[in-house]
Amino acid sequence: MTPTVILSADRGSFTDYGGSSVLGYVACMPSRLVPSQFMKSFFTPKVKSEKGRAKVAPYALRKVEASLIAAGFSEEEVYVTPPDELRHVIGQGTKVVGITVHDPLGLEPVSMKLSMLFGGGRTWTAEFFREMGEEISRLKSKYGFKVIAGGPGAWQLEIERPPWVDTLFFGHAELDFPPLVKSIIDGGSPPPSVKGRKPKANQIPTIINPARLGEVQVTRGCPRGCWFCSITPDTFLSIPLEDVAKEVEVNRRGGAERVELVTDDILLYGASKLRVNHDAVVKLFETVMSMGMDGAWFPHISVGAVMDSPKTVKAMSEISRYDKVRAAAPVVGLETGSEKILNKYMRAKAFPWSVRDWNELVIKATAVMNDSYIYPCYTMTIGYPEENDQDVEESIRLVESIIDHGFKTYIFPLPVVPMGNTMIRDNPFPTLKRLPGRYWDLLYMSWKWNLKVIRDSIPTFTGGLGNRVAQTAVRYMIDRVFDSIEWAFKELRDTKGESSLKYSNLNLNNTLGVLKSVYWLTRLAFIRS
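Residues numbered from 1 in each chain as written. Predicted model: local features only at pLDDT ≥ 70, side-chain atom pairs only at ≥ 80, totals over all residues. Heavy atoms only, no water.

A. Representation of the overall build of the protein chain within the structure. Helices and strands together make up the secondary structure of the protein chain, namely 17 helices and 16 strands. The globule rule puts the C-alpha radius of gyration for 529 residues at 24 Å, and the 23 Å found for the protein chain is close to it. Summarising its shape, the C-alpha atoms of the protein chain cover approximately 65 × 60 × 55 Å along the three principal directions. Sequence separation of at least 24 residues holds for 79% of the intrachain contacts in the protein chain that already meet a minimum separation of 6. Roughly 23,100 Å² of accessible area belongs to the protein chain as shown, and the carbon and sulfur atoms make up 54% of that amount. Charged side chains of the protein chain number 65 positive and 59 negative; the gap between the two group centres comes to 3 Å. (Helix = DSSP H or I, 4+ residues; strand = E, 2+ residues; numbered from the N terminus. Rg over C-alpha atoms; globule rule 2.2 N^0.38 Å. Contact = heavy atoms within 4.5 Å. Areas by Shrake-Rupley, 256 points an atom, 1.4 Å probe, with all protein chains shown as cover. Lys, Arg positive; Asp, Glu negative; His and termini not counted. Charge placed at Lys NZ, Arg CZ, Asp CG, Glu CD.)

B. Seen up close, the packing of aromatic side chains. Throughout the structure, instances matching the rule amount to 12 aromatic pairs. Relative to F177, the ring of F169 lies with its centre 5.6 Å away and its plane at 80°, an arrangement referred to as edge-to-face. Each of the two residues, F169 as well as F177, counts as buried. An aromatic cluster is built from F38, F42 and F43, whose rings are joined through pairwise contacts. Taking NZ or CZ as reference, R258 lies 4.1 Å from the ring centre of W297, over its face. (Phe/Tyr/Trp six-rings, centres within 6.5 Å; stacked < 30°, edge-to-face > 60°. Buried < 20%, exposed > 50% of the residue type's maximum accessible area, 1.4 Å probe, protein only. Lys NZ or Arg CZ within 6 Å of the ring centre and 35° of its normal.)

C. Broad picture of the pairing of strand β15 (residues 377-382). Counting buried residues in β15 gives six out of six residues, a clear majority hidden from the surface. Both faces of β15 are covered, namely the face carrying C377, T379 and T381 and the face carrying Y378, M380 and I382. As paired elements, strand β14 (residues 331-335) and β15 share four bridges and run parallel to each other. Residue E335 lies in a different strand from β15, and its bridge partner there is M380. Of the pairings in the sheet, the one linking β15 to strand β16 (residues 410-415) comprises six bridges and is parallel in character. Bridged to I382 within β16 is P415. (Pairing = 2+ DSSP bridges.)

Following this line, the structure appears as structure tokens:
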């Protein structure tokens, strides 16, 4: 039986990244710099499927699947299918193909930064979307189904809309996606775009099949209201604990041993007016761990919430049994050290304190997190229209303070990107020329520190290698590579980013490019020393 509705995503999203979501960031690199076979076999391997149905899938697709089933579609009518299986599953009976997109044009902040630093070119995220688009376009011309594209990267498709997309779907799927699909199946014309309404917590069905990496959403939205953030327009809500437990169990039955608690700030679970609800957070972690899971991790936490309730940070670390090997490394918005930029673009960032307290709060919060084996990956947004070298200098002083304290943390200064659903959507996109000159000093300082933190962790990373010769060899290789990386960032600093242009002709996806690149890497690692 041919499924009526098929849900999918491009290869850059429809993968489990070999068990580590961190590897997904490699797909943000220009595609010419990462060989295709290496990218597809190591960084974005295929997920297993059975007769066209994915064994595990991105959480967003599982939510859309659950919404369709809850609206009356049968499980035989709806398939969640990996992109490489589409040609085997789509047939005459297929009426709708729904895809979720994250970074279809390579315009997300990490992609923009890596593209700038390495001479430009289409990222692997954009290349994967292009590959999927060619396949869907070919199948659509044969079978005549309609295509709906939604997800966090849908705003990019307003800039460059593929001809094979019938409807762009913005917002949440639970209330408005099923009726849209039904109307198309019944012969209705698909509208050019649809804005999905925001559901209440009791209108969000739980997933019925396993999500990759044990993902389970616990909050939606963020009430801090930062202008640059795509989450800001969302209404904040916490998912009921019984629904969280149901989804953990679905993933556990599917083979998951750990839980990734999807949230934009784990400490706001059960919160009211941006104040931490200690009991709710503790109950959340206790419930998850009592279900036989090996651990519970989370992608985001905030400085303000950490300092609002340090005891909650300590409690959830102890419940999840974090230690030096089982540490958490969430993304945390450091953003800037400039009071001017904070006041205009993120006034609630420090709440319940004032932005005047921001730099002190960051230092105190980092200490609290490190004491509980939480090593923050601080991201910074640099390049606002009115931002000047003095503002960046204030950010540099904040980063210097973090470094002087010797905290275990990572710092990533990113160019601020005017994403289409944010309050800065009309700002210009970042370029080498538009970034403040001092950005490159901040970038070098941050990456020099990142490399030191990683180097200091090498004994932990290689401790599992029983062979001392192997340990020594791996450490030597890492040292050599890191020396070259630091040198490259120093060049970027000294040339104000102009040195990135020399990478523009480097191509690892052809034979000549591989030979040139081997020479280039050898020269970097050995001749220079």
